[in-house]
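# Secondary and tertiary structure notes
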Amino acid sequence: MARIPRETVSVTPGLGTAGASVFTAAQNMSAFPTIKLQNGVEMPIIGLGTWQSTDDDVRKAVEVAVAEAKYPLIDTAEIYQNEEVIGDILHKLISEGKIKRDDVFITTKLWTNNLNPARSLAAARECLKRLQLEKVDLLLCHMPAAFAVSHLKENGTDQEKDVSVEDVWRGLEAIYDAGLARAIGVSNWSAEQVDRVMKTAKVPIHNVQNELYLYWPQHELTEVCKKHGISITSYGSLGSPGRVNFTLPTGQKLDWAAAPNALDDPKVKELAEKYNKSPAQILLRYVIERGIAVIPKSVTPSRIHENLKVFDFKLTEDEVKALDFAPHRQRLFLQPFMEGHPEDPFKSERV
């Protein structure tokens, strides 16, 4: 974390905070609000996402984000296959004296084939090796369903149906106890799974990273996280318009259900005109007003800079409520490969 003056979000994680004055101090773009996790670690409320970024793209994007725009957080994952490149560029920037390690909060995630607690500790060490770090700031399990091998590899569909989310969390607790991560959390879990694990967890879930955007606001999940004091990170905050370009490492392209573009939502466009902001900035600000962290992905320098310029205005409480109850509802990332696993988090939504 950057050792620079900045405000801390003094709200209960997951609680709607429309119009809260807690954000007004962040006019200086060298400082950003943070969310205090249950163990006292402060996580920036905004960062750079790196899903779908090629080696060259992510190298340039991280350098622009960290060295120029001063992004306080980089989000990656084992399955993104860019941890090594991110580690290289961070090492370069630190060696050149352009940044300090504490200037950047690093989040990474273990993939499904490393969620079995028999393998997760060793997998975390490999993540650190690729990132050239002694520890990450936040380590998440990318999914709740464990697999014997990665489902993205040839013939890699072996679900470990006897591994529960309680087992998965036990593996993350071992990583935390070993000092390899300053905080631990989950991604793509259902509210029920979060609630269930919190009943037996020795180390509480510090963060939940899930799809959360205008048309999938996750009100049930935020209430469960609020009850347990868990912070939330939104991915797909802009409605993930680039998801249709995603190609699996096997070369396969996915079929995506038709969905309206949140950037074209009439209310969003109306607010963009009112505040002289882009629709993307309105969508990010909407999530931030709720006390939820955002990690917008971009490899375009102008958009990387633009996405940070969301702390010089506020939406009113009525405007946040209007966006909260947008008429359309649609989850974009149903993760169909988990279908049939006892820990499939979205089985009730499948048709």
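First, a word on scope: everything that follows refers to the structure included in this document. All values derive from a computational prediction rather than experimental measurement.

Take the sheet that holds strand β5 (residues 73-75) next. Reading across the sheet, the 8 strands line up as β4-β5-β6-β7-β8-β9-β10-β11 and stay open at both edges, with parallel pairing between neighbours. A strand with exactly one partner marks an edge of an open sheet, and here the two such strands are β4 (48-49) and β11 (293-294). Strand direction decides the pairing type here: strand β9 (residues 207-211) and strand β10 (residues 231-235), joined by 5 bridges, are parallel. Bridge pairing in β10 links glutamine 209 to threonine 233.

So, about the pairing of β10. Counting buried residues in β10 gives 5 out of 5 residues, a clear majority hidden from the surface. On β10, burial covers both faces: Ser231, Thr233 and Tyr235 on one face and Ile232 and Ser234 on the other are all buried. A crossover connection joins β9 to the parallel β10 through helix α6 (residues 219-228); in handedness this β-α-β unit is right-handed. Here 2 bridges tie β10 to β11, and the two strands are oriented parallel to one another. Bridging from a neighbouring strand, threonine 233 pairs with alanine 293 of β11.

Along helix α7 (residues 266-275), the residues classified as buried are Val268, Leu271, Ala272 and Tyr275. Taken down its axis, α7 places every buried residue within 105 degrees of arc, on the same side. Turned more than 90 degrees away from the buried face of α7, the exposed residues are Pro266, Glu273 and Lys274. If you follow the buried residues of α7, they end up packed against α8 (279-289) and α10 (317-324).

Along an α-helix, residues three or four positions apart point the same way, because every turn accommodates 3.6 residues. Listed as buried for helix α5 (residues 191-198) are Ala191, Gln193, Val194, Val197 and Met198. Take α5 and look down its axis: the buried residues cluster within an arc of 165 degrees, on one side only. In this structure, the buried residues of α5 make contact with α4 (165-177), β8 (184-187), β9 and α6.

Rules and cut-offs
Residues numbered from 1 in each chain as written. Predicted model: local features only at pLDDT ≥ 70, side-chain atom pairs only at ≥ 80, totals over all residues. Heavy atoms only, no water. Pairing = 2+ DSSP bridges. Helix = DSSP H or I, 4+ residues; strand = E, 2+ residues; numbered from the N terminus. Buried < 20%, exposed > 50% of the residue type's maximum accessible area, 1.4 Å probe, protein only. Right-handed = clockwise from strand over helix to strand, strands pointing away. Arc of directions from axis to C-beta. Contact = heavy atoms within 4.5 Å.

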